[in-house]
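Take a look at the letters that make up each chain.
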Amino acid sequence: FINDSYCRDISIKVKSQLAVKRRKGECLAAFAVYGYQKSAEDRNRLLVDDYAAGIVRRIFAWKIEGMAVSAIAEKLNDLHILSPKEYKKSLGLNYRGGFYKGSDSKWSCPSVRRILTTEVYLGHLVQGRTERINYKVKTCVEKPEEEWIRVENTHEPIISADDFAIVQNLLKSDGRISPGKKAVSPFVGLLFCGDCGEQMVRRRKSY
């Protein structure tokens, strides 16, 4: 009973201390998000990684130009640009993430979409999205968005607020592309059904 009470007390103190650091805008992630690197002087501070940040800017620019998420992933692979996971490994970091298949991992739609929707590129930190059930169970559960800890202007931004807002609006629309094409239709997000209100998409049937 005494040992169990001690573990529970330590768990509460650690959670409280981590919450304080998150509210102060300190990055508690083990690895920096793609486009940034950890400061050598302060491991809780993010610095811009010039090379990766350039790739992030190109991804946002391609999306604003009208490219579909799948087309962006395909183009990155055609240009032989290392995926975020492979890039971290190339820097000598002992990084092991999910979604790993085969001997190497390439760019995919989820990885590109994750970059396009991450607020960290605006210079903001959003942490505390998950938490463990208790100190006895290591399983993590998703927390509601209103409980996330969001601190603005904690580091140098890579993407402007205007470009980020444009991309978020583009992602709300159906971004599927026609076979053999790289860009989405110019009518995406503009044409809607007058009866049901749903977005109209190109559909072809043969009889």
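Look up: the structure comes first, before these words.
Residues numbered from 1 in each chain as written. Predicted model: local features only at pLDDT ≥ 70, side-chain atom pairs only at ≥ 80, totals over all residues. Heavy atoms only, no water.

Enquirer: It is not clear to me how the overall build of the protein chain should be interpreted in this structure. Could you clarify?
Expert: For the protein chain, the count of helices and strands is six helices and six strands. Start at the N end of the protein chain and walk to the C end: the helices and strands fall as α-β-β-α-α-α-α-β-β-β-β-α. Across the 207 residues in the protein chain, those meeting the buried criterion constitute 31%. Long-range contacts, defined here as pairs at least 24 residues apart, represent 59% of the contacts in the protein chain between residues at least 6 apart. Surface summary for the protein chain: the accessible area is close to 14200 Å², and the carbon and sulfur share equals 52%. (Helix = DSSP H or I, 4+ residues; strand = E, 2+ residues; numbered from the N terminus. Buried < 20%, exposed > 50% of the residue type's maximum accessible area, 1.4 Å probe, protein only. Contact = heavy atoms within 4.5 Å. Areas by Shrake-Rupley, 256 points an atom, 1.4 Å probe, with all protein chains shown as cover.)

Enquirer: Would you take a moment to explain the pairing of strand 5 (residues 137–142) for this structure?
Expert: Where a strand is regular, its side chains alternate between the two sheet faces. Pairing of strand 4 (residues 130–134) with strand 5, which is carried by four bridges, proceeds in the antiparallel orientation. Across the sheet, the residue bridging to Glu-131 is Val-141, located in strand 5. Adjacent in sequence and paired antiparallel, strand 4 and strand 5 are bridged by two residues. (Pairing = 2+ DSSP bridges.)

Enquirer: Whenever I open this one, the packing of aromatic side chains confuses me. Can you help?
Expert: Remark: the centre distance and the inter-plane angle together describe each pair of aromatic rings, the angle taken between the planes. In total, this model carries six aromatic pairs according to the counting rule given. Ring geometry for Tyr-34 and Trp-107: centres 5.7 Å apart, planes at 80 degrees, overall edge-to-face. Placement of the pair is Tyr-34 in the loop between helix 1 (2–23) and strand 1 (36–38) and Trp-107 in the loop between helix 4 (84–90) and helix 5 (109–116), with a sequence separation of 73 residues. Between Phe-60 and Tyr-121, the ring centres sit 6.4 Å apart and the planes meet at 75 degrees, which makes this aromatic pair edge-to-face. Taken as a pair, Phe-60 in helix 2 (residues 50–64) and Tyr-121 in the loop between helix 5 and strand 3 (125–127) lie far apart in primary sequence, 61 residues in all. (Phe/Tyr/Trp six-rings, centres within 6.5 Å; stacked < 30°, edge-to-face > 60°.)

Enquirer: Would you mind going over the environment of Lys-85 with me for this structure?
Expert: Relative to the assigned elements, Lys-85 resides in helix 4. Taking the C-alpha atoms as reference points, Lys-85 and Ser-111, 26 residues apart in sequence, are found 9.8 Å from one another.

Enquirer: Please explain the pattern of salt bridges as it appears in this structure.
Expert: Should their charged atoms come close, side chains of opposite charge can pair. Applying the stated rule across the entire model yields seven salt bridges. The salt bridge involving Asp-4 is made with Lys-136; its shortest N-O contact spans 3.3 Å. In this pair, Asp-4 is assigned in helix 1 and Lys-136 in the loop between strand 4 and strand 5, connecting sequence segments 132 residues apart. Residues Glu-119 and Arg-150 are paired through a salt bridge, measuring 2.5 Å at the closest nitrogen-oxygen approach. With Glu-119 in the loop between helix 5 and strand 3 and Arg-150 in strand 6 (residues 149–151), this pair connects stretches of sequence that are 31 residues apart. With relative accessibility at 24%, the residue Glu-119 sits in the partly exposed group. Residues joined by salt bridges that share partners form a network here, namely Asp-4, Arg-8 and Lys-136. (Salt bridge = Lys/Arg side-chain N within 4 Å of Asp/Glu carboxyl O.)

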